Amino acid sequence: LNINNTHQYTTTYTNSSGETENTAITWQSSNTNVLTVSNTGLITAIAPGEAVVTATVNSSNNTLTTQDTVIVIGNTTQEKTGTLKTSSSYELRGDFTLKEIPNTNDLELTIDENYKASDRLPGLYLYFTNNINTVANAKEIQKVTVFEGAHTYIIKNTGINDFTHLLYWCKPFGVDVGNGETK
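All of the points below concern the structure found in this document. (Residues numbered from 1 in each chain as written. Predicted model: local features only at pLDDT ≥ 70, side-chain atom pairs only at ≥ 80, totals over all residues. Heavy atoms only, no water.)

### Topic: the overall build of the protein chain
Alright, step 1. A count of helical and extended segments in the protein chain gives 0 helices and 17 strands.
Alright, step 2. Since a compact globule built from 183 residues should have a radius of gyration of about 16 Å, the 26 Å found for the protein chain marks it as more spread out than a globular shape.
Alright, step 3. Dimensions of the protein chain, computed from the C-alpha atoms along their principal axes, are close to 80 × 30 × 20 Å.
Alright, step 4. Here the protein chain holds 183 residues, and 37% of them are scored as buried.
Alright, step 5. Considering only contacts within the protein chain whose residues lie at least 6 apart along the sequence, 55% involve residues at least 24 apart.
Alright, step 6. When the accessible area of the protein chain is evaluated, it comes to approximately 10,600 Å², of which 44% is carbon and sulfur surface.
Alright, step 7. Counting 11 positive and 18 negative side-chain charges, the protein chain places the centres of these two groups 13 Å from one another. (Helix = DSSP H or I, 4+ residues; strand = E, 2+ residues; numbered from the N terminus. Rg over C-alpha atoms; globule rule 2.2 N^0.38 Å. Buried < 20%, exposed > 50% of the residue type's maximum accessible area, 1.4 Å probe, protein only. Contact = heavy atoms within 4.5 Å. Areas by Shrake-Rupley, 256 points an atom, 1.4 Å probe, with all protein chains shown as cover. Lys, Arg positive; Asp, Glu negative; His and termini not counted. Charge placed at Lys NZ, Arg CZ, Asp CG, Glu CD.)

Encoded structure:
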């Protein structure tokens, strides 16, 4: 649940014969700093964190309880960083930051001022991948056109946890030039 959002719980209590009965339900939140719950089961997300919502019914000397764990997420964006390093005889170095663009499914990749890559390779491309040994199942970001200094890429329709590495790949030779793990 996002901060400031609500959710209405609904309950049905049936007796041992399977008939629905109206009975009093007590609602409780394990952490009211994160999540509040009204006496009708309406929860409201207050702050990032986790809370357990408990509904309790006392009937015929029995106490029935059910619980639901709710995670409240904030409006903050996630961010990861990394350092590029060469895995070849060609120069590649520099730091980078990867962050979510709010209210989209896009990422902003910022390459820092300390970046330098060899411009002696034909067809150098940047990928987002989980396997630094291949571009199979990787997401192509674009052809590398900046070889020194700070610059930015927008990676469309990609979650920040979809891939673990940036990969510089020479398409004509089909070789890994270098990479950087996102942490």
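### Remarks on the environment of Asn15
Alright, step 1. With respect to the helices and strands, Asn15 occurs in the loop between strand 2 (13–14) and strand 3 (20–21).
Alright, step 2. Exposure remark for Asn15: the relative accessible area of 18% places this residue in the buried category.
Alright, step 3. Separated by 111 residues in sequence, Asn15 and Leu126 have C-alpha atoms that sit 63 Å apart.

### A look at the pattern of salt bridges
Alright, step 1. Using the criterion set out here, one finds 5 salt bridges in the structure.
Alright, step 2. In this structure, Lys156 and Asp106 form a salt bridge, with 3.5 Å as the shortest nitrogen-oxygen distance. With Lys156 in the loop between strand 15 (151–155) and strand 16 (165–170) and Asp106 in the loop between strand 10 (92–100) and strand 11 (107–111), this residue pair connects regions lying 50 residues apart in the sequence.
Alright, step 3. Residue classification places Asp106 among the buried positions, given a relative accessible area of 12%. (Salt bridge = Lys/Arg side-chain N within 4 Å of Asp/Glu carboxyl O.)

### Some thoughts on the sheet that holds strand 7 (residues 49–59)
Alright, step 1. Strand order across the open sheet formed by 3 strands is 4-7-8, with antiparallel pairing between neighbours. A strand with exactly one partner marks an edge of an open sheet, and here the two such strands are strand 4 (25–29) and strand 8 (62–72). Strand-to-strand twist of the sheet, defined as the mean angle between neighbouring strand axes without regard to direction, takes the value 15°.
Alright, step 2. Across 11 bridges, the pairing between strand 7 and strand 8 is antiparallel. For Ser59, the partnering residue across the bridge sits in strand 8 and is Asn62. (Pairing = 2+ DSSP bridges. Axes fitted to C-alpha atoms, helices over the stretch in contact; angles between N-to-C directions.)

### Considerations on the packing of aromatic side chains
Alright, step 1. Taken as a whole, this structure holds 3 aromatic pairs when the rule is applied.
Alright, step 2. Judged by centre distance (5.1 Å) and plane angle (45°), the ring pair of Phe128 and Phe163 falls under tilted. Of this pair, Phe128 sits in strand 13 (residues 124–129) while Phe163 sits in the loop between strand 15 and strand 16; the two residues are 35 residues apart in sequence, bridging distant segments of the chain. As far as burial versus exposure is concerned, Phe128 and Phe163 are alike and both buried. (Phe/Tyr/Trp six-rings, centres within 6.5 Å; stacked < 30°, edge-to-face > 60°.)

### Quick notes on the nonpolar core
Alright, step 1. If you look at the biggest cluster of nonpolar residues, it comprises 23 residues, and the most contacted ones within it are Leu109, Tyr115, Leu126, Ile141, Leu166 and Tyr168.
Alright, step 2. For Leu126, the residues in contact, after removing those within four places along its chain, are Leu109, Lys139, Glu140, Ile141, Gln142, Val144, Tyr153, Leu166, Leu167 and Tyr168.
Alright, step 3. The next biggest cluster of nonpolar side chains, apart from the first, holds 13 residues, and it includes Trp27, Leu35, Val37 and Ala55. (Core = buried A, V, L, I, M, F, W, Y, C linked by side-chain atoms within 4.5 Å.)

### Considerations on the sheet that holds strand 6 (residues 42–45)
Alright, step 1. Read across the open sheet, the 3 strands follow the order 1-6-5; overall the sheet is antiparallel. What marks the edges here is a single partner per strand, and that holds for strand 1 (6–8) and strand 5 (35–37). Averaged over all pairs of adjacent strands, the angle between strand axes in this sheet comes to 15°, irrespective of strand direction.
Alright, step 2. The pairing of strand 1 with strand 6 spans 3 bridges and is classified as antiparallel. Counterpart to Thr6 in the pairing with strand 6 is Thr44.

### A look at the pairing of strand 10
Alright, step 1. Alignment of strand 9 (residues 79–86) against strand 10, held across 7 bridges, turns out to be antiparallel. Looking across to strand 10, one finds that Glu79 is bridged to Lys99.
Alright, step 2. Where strand 9 folds back on strand 10, the antiparallel hairpin that results is connected by 5 residues.
Alright, step 3. Of the pairings in the sheet, the one linking strand 10 to strand 11 comprises 5 bridges and is antiparallel in character. Looking at the pairing, Glu100 lines up with Leu107 of strand 11.
Alright, step 4. Linkage of strand 10 to strand 11, two consecutive antiparallel strands, is achieved through a turn of 6 residues, within which Asn103 is found at a positive phi near 60°.

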